[in-house]
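# What the coordinates show
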Amino acid sequence: MLDYIIERTNKYIDSMPKKERKKYGQFFTSKETARFMAGLYTIPENFSEVRILDAGAGSGILSCALLERLEKIDSVQTVKLTCYENDNKILDLLKENLQACQGNFKKNIQIEIITDNYITSQYLDFNHMIGANSNPKKFDFVIGNPPYKKISKDAPEAAAMPEVCYGAPNLYFIFAAMALYNLTDDGEMVYIIPRSWTSGAYFKRFRQYFLTKGKLEHIHLFVSRNKVFDKEDVLQETIIIKVKKTDITQEKVIITSSQSNNDFDNMTSLTVPYSLVVSGNNYYVYLVTDEKEVSVLERLHKFNKTLPEIGLKMKTGLTVDFRNREILRNDAEEGAIPLFYSQHIKQGEVEFPIQKEHEYVVTDQKGLMQENRNYLFVKRFTTKEERRRLQCGIYLSKKYPQYKKISTQNKINFIDGLITEMSECLVYGLYVIFNSTLYDEYYRILNGSTQVNSTEINAMPVPDLDSIQEMGRELIKSKDMSENNCNVILEGYCG
C-alpha cells in the first residue's frame, strides 16, 4: 500500500512546480523514513481502538505507514484517523490514497479529513479562551512532517500561539507545539523536523513549552544533510523526534543515527541520561552521537557558572558595514577609528591594520563605537569544512594607545567585562577556553550551524573567574598559544 502511495506522490511532485509546493512548505517523507517513524510508537497490548492525528497530511504517506503497522497488531480493531490538509491541490490525492488504505486493510478504519487551518482553527482551545471547546478532541498518536515555512510575527498562526512564538517563527515548530497539545496524557508524537529548535534564544519559548509538557524519548539524526527527503533539494539539518506527553522526568533518551533516509539498517544507537540531553534553564537539547561526545558534556557540565554570572558577556559586533557605507574609510584619517573584521583574527591574536578595505570608520554614532579596552574576539561565521567552529583572537587595548574608541563589524563577536575592563590574564584565560578542543566539540554538539551565537555562548558552562584568570597566567607564562597547550591547561581544571 505504501509503495502505491509513494508512486502516486512522486507523480504529483513531478507535475507540481516546486514554487507551488513551497507556498505550503511541502517536502514529502520517503518510504523508509515513514516506516521508521511508524515503528517508533509504543502500542499497548490492550489497545483495541486507536486515535491518530496526521496534521499537514499531504498525500497521506505517514498515515499509511502507521496504518500499515497497526494492521499487524491483532488487538487493534478500530483506527480513527484524523487528517488536516488545506492545500486544495493535494486534497483529492489524499482522499484517494486514504480510501485505498481503507479498502486494502482489514481493520475498521474511520477517516476524517479536516480542511481548516490546523493552527488557527484550534487557537481558542490552545489558549483556553472564551468560546473554547470544553472537551477538545485528543489523540493517542500524532505523526507529522510539518510544513517548513517562515511566517511573519503578525501571521495568524503566530498570533494564535503567543506562548511558543518569538519574532518571525517557522510553521514547523508551531505545528509541533499544537501536536503535543492534541495528544492525550501519555500519548506519543513522532515528527520529522529541522534541528534548529534545539538551541538559541529564538526557540526558547517553544522549548520551554514543548519540553515541560512533553519529554523526548527518541531522537534520530541523519549524518548527511541532503539525503533525507527523496526528490527534494533540502540542505536543512533534519531530525526525527519521538515525544511522550508527560510531565514525569525521564531517565534516558535513545539517540540513533543513520547516513541517510534509506540507511536505517545501519544505525548507530546510544542511550544517554535525559539530564545530559535536555539541560539548563534554556532547555537546550544536546544531540550527542557517541560516548566521546557524552564525555564532553559530562566534563563541562561540572562547571556551574556562565559568562554573565562571572561578570562577562559575549556580544555581537556593532557595525553592519554594508548599511553604513558612508562612514567606511580605506585609510586612517583624522577622527577615524579601527573597524575590526574576522579577517583581523590571526593565530590567536588580533592584527591591525592588514591593508584591507574599509578598515576604518568615521562616526559619532554611539551605537557603532565601543571603548578601546581588552576583549576576546570570536568569529561569528565559519565554513562547514573548517576544522574548528570556535576561532578567537586576543585584543589588547595597550597595542593601540592612539584610540579611545574602536568598532567591530557584526560578523565577529566579542567578550567584554560587564562592569569593569577585563585584565590581560582574564582575556588570555578566555582564550584557553575558546581555543580548546573540548569547548569546540561542546559547541558543535549544541549547535549544528556554522554560526557562533552569542546567546548560546552566554549560556555555556564555564569555570569561575579565579580559575579562568589562573589559566591565563599559565598561558602567558608558557608563551605557547597552540590548541594543544590550551587543552593541557584546561585539563587541569576539568579533569
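Residues numbered from 1 in each chain as written. Predicted model: local features only at pLDDT ≥ 70, side-chain atom pairs only at ≥ 80, totals over all residues. Heavy atoms only, no water.

### Let's talk about the overall build of the protein
Assigned secondary structure in the protein consists of 16 helices and 22 strands. With the C-alpha coordinates aligned to their principal axes, the bounding extent of the protein is approximately 80 × 50 × 45 Å. A total of 495 residues make up the protein; the buried ones form 56% of that total. Pairs at least 24 residues apart make up 77% of the contacts formed inside the protein by residues separated by at least 6 positions. Of the roughly 22100 Å² of accessible surface on the protein, a fraction of 46% belongs to carbon and sulfur atoms. If you average the places of the 63 positive and of the 65 negative side-chain charges in the protein, the two averages end up 2 Å apart. (Helix = DSSP H or I, 4+ residues; strand = E, 2+ residues; numbered from the N terminus. Buried < 20%, exposed > 50% of the residue type's maximum accessible area, 1.4 Å probe, protein only. Contact = heavy atoms within 4.5 Å. Areas by Shrake-Rupley, 256 points an atom, 1.4 Å probe, with all protein chains shown as cover. Lys, Arg positive; Asp, Glu negative; His and termini not counted. Charge placed at Lys NZ, Arg CZ, Asp CG, Glu CD.)

### Some details on the packing of helix α15 (residues 465-478) against helix α16 (residues 483-494)
Running from N to C, α15 and α16 cross one another at 145°; their axes reach a closest spacing of 10 Å. Along this stretch, α15 crosses α16, giving a crossing that reads as right-handed. In this structure, α15 uses S467, E470, M471, E474, L475 and S478 to contact α16, whose residues at the interface are N485, C486, I489, L490 and Y493. Along the lines of polarity and charge, the residues of the contact of α15 with α16 split into 6 nonpolar, 3 polar and 2 charged. (Axes fitted to C-alpha atoms, helices over the stretch in contact; angles between N-to-C directions. Left-handed = near helix turned anticlockwise from the far one by under 90°. Nonpolar A, V, L, I, M, F, W, Y, C, P; charged D, E, K, R; others polar.)

### Overview of the side chain of N485
Looking at the secondary structure, you find N485 in helix α16. On the basis of relative accessibility, which here comes to 12%, the residue N485 falls in the buried class. Setting aside residues no more than four positions away along its own chain, N485 makes contact with L475, S478 and D480.

### Describing the packing of helix α3 (residues 31-38) against helix α4 (residues 61-70)
Contact geometry for α3 and α4: axes closest at 8 Å, N-to-C directions at 50°. Taken together, the axis directions place α3 and α4 in an arrangement best described as oblique. Viewed along their axes, α3 and α4 form a crossing whose handedness is right-handed. Only I61, L62, A65, L66, E68 and R69 of α4 make contact with α3, whose side of the interface consists of A34, R35, M37 and A38. (Parallel < 35°, antiparallel > 145°, perpendicular 65-115°, else oblique.)

### Regarding the sheet that holds strand β3 (residues 108-114)
Taken in spatial order, the 9 strands of this open sheet run β3-β2-β1-β4-β5-β7-β6-β8-β9, and their pairing is mixed. Edge positions in the open sheet fall to β3 and β9 (268-273), since each of these has one partner strand only. For this sheet, the mean inter-axis angle between neighbouring strands, taken without regard to orientation, is 15°. Alignment of strand β5 (residues 183-194) against strand β7 (residues 238-244), held across 7 bridges, turns out to be antiparallel. Note on β7: the bridge partner recorded for Y191 is I241. The sheet contacts of helix α5 (residues 88-104) involve β2 (78-84) and β3, and relative to β3 the element is tilted by about 170°. (Pairing = 2+ DSSP bridges.)

### Examining the side chain of K242
Position of K242 relative to the elements: it lies in strand β7. The class of K242 is buried, set by a relative accessible area of 6%. There is a polar contact of 3.1 Å between the side chain of K242 and the side chain of T42. Contact partners of K242, with chain neighbours within four places excluded, come to L40, Y41, T42, E188, M189, V190, K215, L216, E217 and H218. (Polar contact = N/O pair within 3.5 Å; in protein donor to acceptor, adjacent residues only side chain to side chain.)

### A look at the confidence of the model for the protein
Summing up the model confidence of the protein, the mean pLDDT is 92 and the portion of residues at 70 or higher is 95%. A low-confidence stretch, residues 227-235 stays under pLDDT 50, and its non-local contacts, those more than four residues away or across chains, total 36 contacts. (pLDDT = per-residue confidence, 0-100.)

### Some thoughts on the pairing of β7
Among the 7 residues of β7, 6 are classified as buried, and the element is accordingly described as predominantly covered. Where strand β6 (residues 215-222) meets β7, 6 bridges bridge the pair, whose relative direction is antiparallel. The partner of L216 across the bridge, within β7, is V243.

### Quick word on the sheet that holds strand β21 (residues 405-408)
Overall, mixed pairing links the 5 strands, which are arranged β13-β17-β14-β21-β18 in an open sheet. If you trace the sheet from one side to the other, it starts and ends with β13 (328-329) and β18 (370-371), each paired once. Where β13 and strand β17 (residues 360-361) come together, 2 bridges link them in antiparallel fashion. Residue pairing across strands places R329 opposite Y360, the latter belonging to β17.

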